[in-house]
Amino acid sequence: MLKLPPYLSLVCVLVGILWLVLLPLDNYSRRTYISENALLPGQVHTYFGGSEQNIFRAYRKELDSLAGKSNHEINNHLELVLGAAGIKVGRQNYTYFSAGERYGGENIYGILQAPRGDATEAIVLVAGWTGVNGLFNANGVALALTLARYFKRWSLWSKDIIILLPPDSRAGTQAWVDAYHDSHKPSSVASLPLKSGALQGAIAIDYTLNQRFEGVHIIYDGTNGQLPNLDLINSVVNIAGGQMGMHTAIQGMQHHDDSYRDRLTTMLRGMLKQGLGICAGPHSSFIPYHVDAVTLQPYGEGWHDEMAMGRVIEGTFRSLNNLLEHLHQSFFFYLLMQRDRFVSIGTYLPSAMLLAANFTIMAIFLWVKSGQPAKAVQIGSAASPEQFKEEESKRNQPPRVQQSITPSERDLSIPLGIVAGCHAASIVPLFVFNTVSAKVLPTSFAIFTCFSALLPSIISYFLPASFKHGAQLFLLTKSLSLLVLGMALATLATLNFSLAFLVGVIASPLTFIQPCKTILSKYCVAGLLSTVAPPVVVSSAAYVAGLTVAEFLQEASFGWNVWAMYTPIVIWCIWWPAWLVAMINLLGATSV
């Protein structure tokens, strides 16, 4: 039975990857549907249009005249506009520091009190002054102001409507949401002078196009891979596609032909964004507080105008206004492979769990093997003819003559010290990459990459001779390291499936590392293992994303300091120590 676990681990890895690749097929995925019947998406007639277009153009002309002015001057004008519409206005200052850079500004927002409500629930409409791509979101802000004036005239609202106009789509929204839920740091983020009830949903407008558009891109990824309730996405798709005759797209797949390839591409794009854990839009800041939110971004060149976009938002707000309780019936864990096709957590979770089980199975196998007698523990060594004859003679002896085999004692001091030391050393990259300034980041990363490459050789050189010549210590060190990695990924898979799956696939070679007999083979395997080192993978990811390593790390630092993104913890405190232990084992165990 001791020969079976390594092959079982390999089967877990292969089946886990194959499981994910099969998900886009019709037999494993299903069509989306509305679970919350109270939403009734697309069942009401929208009235936004007509004379509202003249108001939109007037607002757009005013905003164009404000372009280039300071944040304070812009908010002074917006305060007058919202006040003239009969909306209560509040302002909030915030300042964040990340990678030596300052991210500050002033948010302005207005609360439209519901004529038929008691201020216990609210819906948020967000339009940042700058969009997701950093461009001037003139149409988005103008449309938000027009909708605010339009909504004020209706008496059907049972929930308050909050119009939020942050200076940017990254830090401003996060500061406002944190302060709304009293989770902010008073030293950097000011409290809100005005509040409403519990937030039931949020829609963000990212309308930077200056032309008629073809469809709406629905951005739904949240911080740390969290997702909004699927009913919200389905409602927007139903309203835009079914009622307005407007194309909808997800994950940048603007022309999806429903083929297996497009389904798989859409799913992998979503997994990559969820795995990185960054904010995909201003809506992402709401999702950690269990506020379902999406960002709507027009794309392409077509015949739809800003009035059509306004009617989509009006229809969505009318649906959210119908809710008697928070969205809860549909899915919060899912993988979308088309706007109307998905897989739920019960279908895709086994793939990540199989990858995590691969590490756990091998850890248990190595632990059992480390307790066997010394001869049975030897790895990769063949028995001599004399030893073979001796074993055969022992087997042929009567049972009363055979010698009893006693398990060997495990010495855990050195293996525990190595694993604990590697995990303690992971604090260094976590601290450095999230605190140093952007100017020092390239140098710091280069130094750490060299340090990470040399550290296994240095540690293995100073290890005691008992480790270098003891198979048991090798087995115990590898067992403890894989056990920590397996447990961490199994836990992470229930929170951020995509991140757990990606790390599990890249780290899977660590399971099969064995000591090498010759120096040449040892360093060849070490070179191959270095290709999956975290610094190498981070550099490759930055290259694929079209960014420099400094820009990539600066974005990660911003996510850590502003969005509370935990991806750096997974990379530097879970994955990197496991890789480091594997390299130490490979270079240190010379004659096992």
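Residues numbered from 1 in each chain as written. Predicted model: local features only at pLDDT ≥ 70, side-chain atom pairs only at ≥ 80, totals over all residues. Heavy atoms only, no water.

**Observations concerning the domain arrangement of the chain**
Note: interface size is frequently given as the accessible area lost on complex formation between the parts.
Phase 1 of the analysis: Here the chain is described as being made up of domain 1 (3-21 + 349-372 + 411-587) and domain 2 (33-339).
Phase 2 of the analysis: When each unit is reduced to the centre of its C-alpha atoms, the spacing between domain 1 and domain 2 is 39 Å.
Phase 3 of the analysis: Facing 25 residues of domain 1, the contacting portion of domain 2 comprises 26 residues.
Phase 4 of the analysis: When the area that domain 1 buries against domain 2 is broken down by residue, the three leading residues are Phe558, Val562 and Trp563, summing to 30%.
Phase 5 of the analysis: Inspection of the domain 1/domain 2 interface yields one salt bridge. (Domains from an automatic or database assignment. Contact = heavy atoms within 4.5 Å. Buried area = accessible area lost by both parts, 1.4 Å probe. Salt bridge = Lys/Arg side-chain N within 4 Å of Asp/Glu carboxyl O.)

**Some thoughts on a nonpolar patch on the surface**
Phase 1 of the analysis: A surface patch of nonpolar side chains, amounting to about 410 Å² of accessible area, comprises Leu4, Leu8, Val11, Val15 and Trp19.
Phase 2 of the analysis: Take Val11: it is sitting in helix H1 (residues 4-22).
Phase 3 of the analysis: By relative accessible area, Val11 is classed as partly exposed at 44%. (Patch = residues over 30% accessible without salt bridge, like charges linked within 9 Å, V, L, I, M, F, W, Y side chains within 5 Å. Areas by Shrake-Rupley, 256 points an atom, 1.4 Å probe, with all protein chains shown as cover. Helix = DSSP H or I, 4+ residues; strand = E, 2+ residues; numbered from the N terminus. Buried < 20%, exposed > 50% of the residue type's maximum accessible area, 1.4 Å probe, protein only.)

**Here we look at the sheet that holds strand S6 (residues 198-205)**
Phase 1 of the analysis: Strand order across the open sheet formed by eight strands is S2-S3-S5-S4-S6-S9-S7-S8, with mixed pairing between neighbours. Each edge of the open sheet is held by one strand with a lone partner, namely strand S2 (88-98) and strand S8 (247-250). Looking at each pair of strands side by side, their axes are set apart by 25 degrees on average, direction ignored.
Phase 2 of the analysis: Of the strand pairs in this sheet, strand S7 (residues 213-219) and strand S9 (residues 293-304) are connected by six bridges, and their pairing is antiparallel. Note that in S9 the partner of Ile218 across the bridge is Leu296.
Phase 3 of the analysis: Of the strands in this sheet, strand S4 (121-126), strand S5 (160-165), S6, S7 and S9 are in contact with helix H8 (residues 306-321), which crosses S4 at around 165 degrees. (Pairing = 2+ DSSP bridges. Axes fitted to C-alpha atoms, helices over the stretch in contact; angles between N-to-C directions.)

**Remarks on the state of the cysteines**
Phase 1 of the analysis: Applying the stated criterion to the full structure yields zero disulfides.
Phase 2 of the analysis: Cysteine Cys450 remains unbridged, with the sulfur of Cys422 as its closest cysteine sulfur at 18 Å.
Phase 3 of the analysis: Of all cysteine sulfurs in the structure, the one in Cys422 sits closest to Cys573, which takes part in no disulfide; the separation is 13 Å. (Disulfide = S-S within 2.5 Å.)

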